[in-house]
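# A structural walkthrough
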Amino acid sequence: MFGYMGKILRINLTTGEIGTEDLDFELAKKYIGGRGLGTKLYMDEVDPKVDPFAAENKIVFINGPLSGTATPTGGRYMVVTKSPLTGCIASSNSGGEWGAYLKYAGYDAIIVEGKASLPVYISIDEEKVEILPALDLWGKMVSETSDALKEKQPGAKVLTIGPAGEKLSQMAAIMNEKDRAAGRSGVGAVMGSKNLKAITVKGNLKPEIANPDGLKAVTKECRTLIKENGVTGGGLPTYGTAVLVNIINEHGVYPTNNFQGGVDPNAEAVSGETLTEKYLIKRNPCHHCPIGCGRWVKSDKSPDGIGGPEYETLWVFAADLGIDDMEVVIDANYWCNELGIDTISAGATLAAAMELYQRGYITDEMLDDDVILKFGNADSVVHWLKKMGNREGFGDLLARGSYRLADFFGVPEYSMSVKKQDLPAYDPRGIQGMGLQYATSNRGGCHVRGYLISPEILGLPEKLDRFELAGKPTWAKIFQDLTAVIDSTGLCLFTSFALGAQQYADMLNETLGTNWSADDVLLAGERIWNLEKLFNLEAGISPDEDTLPPRLLEEEMPEGPTKGWVHKLDELLPLYYKERGWDEDGIPTEERLEKLGLL
Amino acid sequence: MAIKVKLFANFREGRGKIVEVDYTPGMTGQDVIDSLGITAPEIAALIVDGVDGKVDAMLTVPIKEDGYMAIFPPVAGG
Ligand code: SF4
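Residues numbered from 1 in each chain as written. Chains lettered and ligands numbered in written order. Predicted model: local features only at pLDDT ≥ 70, side-chain atom pairs only at ≥ 80, totals over all residues. Heavy atoms only, no water.

## Some points on the overall build of chain A
Selection criterion: In DSSP terms, a helix is any run of H or I states spanning at least four residues, a strand is any run of E spanning at least two, and both are numbered starting from the N terminus. Computation of the radius of gyration draws on C-alpha atoms, with the globule rule given as 2.2 Å multiplied by the number of residues to the power 0.38. Type-normalised accessible area, obtained with a 1.4 Å probe on protein chains alone, sets the label of each residue: buried when under 20%, exposed when over 50%, and partly exposed for intermediate values.
Along the backbone of chain A there are 24 helices and 17 strands. Taken against the 2.2 N^0.38 rule, which gives 25 Å for 599 residues, the C-alpha radius of gyration of chain A at 22 Å falls within 12% of a compact globule. In terms of its C-alpha atoms, chain A occupies a principal-axis envelope of roughly 60 × 55 × 45 Å. Taking all 599 residues of chain A together, the buried fraction comes to 67%.

Encoded structure:
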């Protein structure tokens, strides 16, 4: 078997049983790996109606066939489970080193089932796998846990949850290498519900490659394309993702004060240019990554610096809260990493709370006269993040995410979320294709299921009219399907700024010994997308939830270059369903499922 | 009168964040970037007086007397 290690590790935390199973090579190729294969393995075993926190729920950690190879960015892994935030399929992706080392330890995937009676962690290396006690680690922050486990398991890579995951916050993340996050959809809380604190991996095994010389040649070609591309060879390495702050703001789609506005006059203070000029120490790349968008920045938390904020984090702890203080953002990012909590959902929940305060739903008395949750109050950010992560006082309500918070007050419309997952840093009123992709994303509000910002704002691979509706359903489908492919290979989505479907097919072919065309891999992406949709439908997620917050559909953008626009989802959605070959209610047709090999 | 030109990322190197360019009637974006030593292929996105579009087309649009431009090299993220 080429590309894969050929082994799946199954661990039952209720019984303590540990076993290995052979990977079905044909099944693996059909779903590629990562997000695709992880979803298939998960769906074959778990009832979609399962309570995400029940022992019957499972959680799959899976790398891709290109993870651990020399391909650029081949180090990522995916966490697949049912999301406690959305009730949808959750597949949350992370970089760093852990995904590659799972492979070096000899495994393509780990399926964790059951629930331990006391806190445990799993130690994996190529010789043995153990379930070990973690009582001494429970309650500890992410970096303290990581350091303690690295001392016990020298050379191991550590994946762990923080207090937020232990306390079942619906926005808890899974962290690896301390500052890399499988951030979205609350996957950390599923680990917490199983009393599973951490998983360590180490080893030196390597997958067998079908055509090593061919892979070497195509890897070289892809690395050259990445290096010569203006984004992956210039903008991202130099400024990180934070470079988006100014360009998104200048287009008037940079949400402020919980999406009440779209232009931040103080954006420059928290921009990528400012981060680079005043705070950057060095780049912080993931495994085998020639791009290195990750930042390592100055902070009073450590003389050596700490992991720095990404674009989404900069936005959510600044413009979305009416604040323009870079040091507050760097601090907030640090505490989210330590508590193990998704920065987007954490910040967006604070933004929703601030709007609820602005409108009189949250009162000073409810906050026990604690620090006021008010737009512009920089002191409130880290203060309430800590309470959120530890579920103290009003923080317990915040820990449930913006939708449950706003719904508690009877006004869910103030949650800027789709399928209960908070929207990222782009106002869809001025980016019509992106809004369609938000509404139809299988994991709820998300930018990395189909990044239409590329053509609609950034001019990549070509500039589209961001207000135009024609053609957007086709673009959304292609971007969603290609993203599903990349997420299944084990590579980083950012490679797609330089590479196309053909390059991914080439890398897979040389690794696996397949003979796929660009169309073949896109078809696999469409298969994965439909599989996720089927899970959601069986889980009870109605197509009625393919929508956007009412504000974005009804309230005109009040200012800037997007002034006067709303999102026109009602016009786009039927065209999108048609493009996907689904019926008019948004249900995949038998004919389409048959074509995709899903019947 | 002068046109305000906002520069971003590496376009700022040796030029600064905001540059003022003297206005002449009928002036287009192409005239502005010529005066700044920036070429069209280096530009990934361009906004003229609050309107964005394909770079080549936007460079031919006449700028208002008190107008502004925002010019971006290839940048991305997510
Ligand atoms: S581009 Fe950034 S996120 Fe992607 S692998 Fe490289 S450093 Fe990690």
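## Some details on the packing of helix 20 (residues 501-512) of chain A against helix 21 (residues 518-539) of chain A
Two numbers describe a pair of packed helices, the interaxial angle and the distance between the axes. All names here are of chain A. The test is simple: Simply put, an axis is a line fit to the C-alpha atoms, just over the touching stretch for a helix, and the angle between two N-to-C directions goes from 0 to 180 degrees. In what follows, roughly perpendicular refers to angles from 65 to 115 degrees, roughly parallel to angles under 35, roughly antiparallel to angles over 145, and oblique to any angle outside these ranges. The contact criterion used throughout is that any non-hydrogen atoms of two residues lie within 4.5 Å. Here the nonpolar group is Ala, Val, Leu, Ile, Met, Phe, Trp, Tyr, Cys and Pro; Asp, Glu, Lys and Arg are the charged ones; every other residue, Gly included, is treated as polar.
Packing of helix 20 against helix 21 leaves a shortest axis separation of 8 Å and a crossing angle of 90°. Considering the angle they form, helix 20 stands roughly perpendicular to helix 21. Contact with helix 20, carried on its side by Ala-501, Gln-502, Ala-505 and Leu-508, involves Ala-518, Val-521 and Leu-522 of helix 21 and no other residues of that element. Tallied by class, the residues present in the contact of helix 20 with helix 21 amount to six nonpolar, one polar and no charged.

## Re the packing of aromatic side chains
Centre distance and the angle of the planes are the two values used to describe a pair of aromatic rings. Residue and element names in this part refer to chain A. The cut-off we apply is this: To pair, rings of Phe, Tyr and Trp, with the six-membered ring standing in for Trp, must have centres within 6.5 Å; the planes then decide the type, stacked if under 30 degrees apart, edge-to-face if over 60, and tilted in the middle. For a ring to carry a charge above it, either NZ of a lysine or CZ of an arginine must fall within 6 Å of the ring centroid while also lying within 35 degrees of the normal to the ring plane.
Tallied over the entire structure, the rule returns 21 aromatic pairs over all chains. Aromatic side chains Tyr-334 and Trp-335 sit 5.2 Å apart centroid to centroid with 85° between the ring planes, which places their arrangement in the edge-to-face category. Residue Trp-335 is classed as buried on the basis of its relative accessible area, which comes to 17%. Among the aromatic residues, ring-to-ring pairing joins Tyr-254, Tyr-311, Tyr-426, Tyr-451, Phe-494 and Phe-497 into one connected group. Taking NZ or CZ as reference, Lys-386 lies 4.4 Å from the ring centre of Trp-335, over its face. Seen from the ring of Trp-384, Lys-387 lies directly overhead, with NZ or CZ sitting 5.6 Å from the centre.

## Some remarks on the interface of chain A and chain B
A common measure of how large an interface is: the accessible area buried when the components associate. The condition is simple: Here the quantity called buried area is the total loss of accessible area, with a 1.4 Å probe, experienced by two parts when brought into contact, counted for both. We define a salt bridge as a side-chain nitrogen of Lys or Arg found within 4 Å of a carboxyl oxygen belonging to Asp or Glu. By the criterion applied in these results, polar contacts are pairs of N or O atoms within 3.5 Å in which, for protein atoms, one can donate a hydrogen and the other can accept it, and in which residues neighboring in sequence qualify only through two side-chain atoms.
Each side of the interface is counted separately: chain A has 31 residues, and chain B has 22 residues. Both faces considered, chain A and chain B share a buried interface measuring about 2,000 Å² in area, 59% of it formed by carbon and sulfur atoms. Counting across the chain A and chain B interface gives five salt bridges. Lys-463 of chain A is the partner of Asp-52 of chain B in a salt bridge, and the nearest nitrogen-oxygen pair spans 2.6 Å. The interface formed by chain A and chain B contains nine residue pairs in polar contact (both at pLDDT 80 or more). Counting only elements with at least two residues in the side of chain A that touches chain B, the list comes to helix 8 (231-239), helix 9 (244-250), helix 11 (311-316) and helix 18 (453-458) of chain A. Here the side of chain A that touches chain B is composed, by residue class, of 15 nonpolar, eight polar and eight charged.

## Notes on the domain arrangement of chain A
All names here are of chain A. So the rule is basically this: The split of the chain into domains comes from an automatic or database domain assignment.
By the assigned domains, chain A splits into domain 1 (7-202), domain 2 (239-421) and domain 3 (427-497 + 517-595). A separation of 25 Å is found between the C-alpha centroids of domain 2 and domain 3. The interface is formed by 30 residues belonging to domain 2 together with 37 residues belonging to domain 3. The junction of domain 2 with domain 3 conceals about 2,300 Å² of combined surface from both sides, 62% of it contributed by carbon and sulfur atoms. Where domain 2 touches domain 3, the interface holds two salt bridges. Remark: the boundary between domain 2 and domain 3 carries 16 residue pairs in polar contact (both at pLDDT 80 or more). Contributing elements (two or more residues each) for the side of domain 2 that touches domain 3: helix 9, helix 13 (343-358) and strand 16 (417-418). Per-class residue counts for the side of domain 2 that touches domain 3 are 13 nonpolar, eleven polar and six charged.

## Quick notes on the environment of Pro-561 of chain A
Along the chain, Pro-561 of chain A falls in the loop between helix 22 (550-554) and helix 23 (569-580). By relative accessible area, Pro-561 of chain A is classed as partly exposed at 24%. For Pro-561 of chain A and Met-326 of chain A, which are 235 residues apart along the polypeptide, the C-alpha to C-alpha distance reads 25 Å. The contact partners of Pro-561 of chain A, leaving out residues within four places of it in the chain, are Glu-250, His-251, Gly-252, Val-263, Arg-466 and Phe-467 of chain A together with Gly-50 of chain B.

## What about the sheet that holds strand 1 (residues 7-12) of chain A?
All names here are of chain A. Rules: A pair of strands is considered paired only if DSSP assigns at least 2 bridges between the two.
The strand order across the open sheet built from six strands is 2-1-6-3-4-5, with neighbouring strands paired in mixed fashion. The open sheet has two free edges, formed respectively by strand 2 (18-22) and strand 5 (89-94), since each of these has just one partner strand. Direction aside, neighbouring strands of the sheet carry axes that sit 20° apart on average. Sheet topology places strand 3 (residues 59-63) next to strand 4 (residues 77-82); four bridges connect them, and they run antiparallel. Bridge pairing in strand 4 places Val-60 opposite Val-80. Of the strands in this sheet, strand 1, strand 3, strand 4, strand 5 and strand 6 (109-113) touch helix 2 (residues 34-43), which is tilted by about 30° from strand 4. Docked against the sheet, helix 21 engages strand 4 and strand 5, running at close to 135° with respect to strand 5.

## Overview of helix 19 (residues 472-489) of chain A
Here is the rule we go by: What a helix is expected to span follows from its residue count: subtract one and scale by 1.5 Å.
For helix 19 of chain A, which comprises 18 residues, the first-to-last C-alpha distance of 26 Å matches the rise-based estimate of 26 Å (1.5 Å per residue) to within 8%. Trailing helix 19 of chain A by a residue or two, Gly-490 of chain A shows a phi angle of about 100°, which is positive.

## Observations concerning the side chain of Thr-28 of chain B
All names here are of chain B. When you line up the elements, Thr-28 lands in the loop between strand 2 (18-22) and helix 1 (29-36). With a relative accessible area of 14%, Thr-28 lands in the buried category. A distance of 3.4 Å separates a polar side-chain atom of Thr-28 from the backbone oxygen of Leu-59. The residues touching Thr-28, leaving out its near neighbours within four places in the chain, are Leu-59, Thr-60, Val-61, Pro-62 and Ile-63.

## Observations regarding unusual backbone geometry
Residues and elements named next belong to chain A. The linkage connecting Leu-460 with the following residue, Pro-461, adopts the cis geometry, with an omega of -5°. Position of Pro-461 among the secondary structure elements: in the loop between helix 18 and helix 19. For Asn-195, which is not glycine, the phi dihedral falls at a positive 60°. Among the structural elements, Asn-195 can be located in the loop between helix 6 (187-193) and strand 12 (196-202). On the basis of relative accessibility, which here comes to 14%, the residue Asn-195 falls in the buried class.

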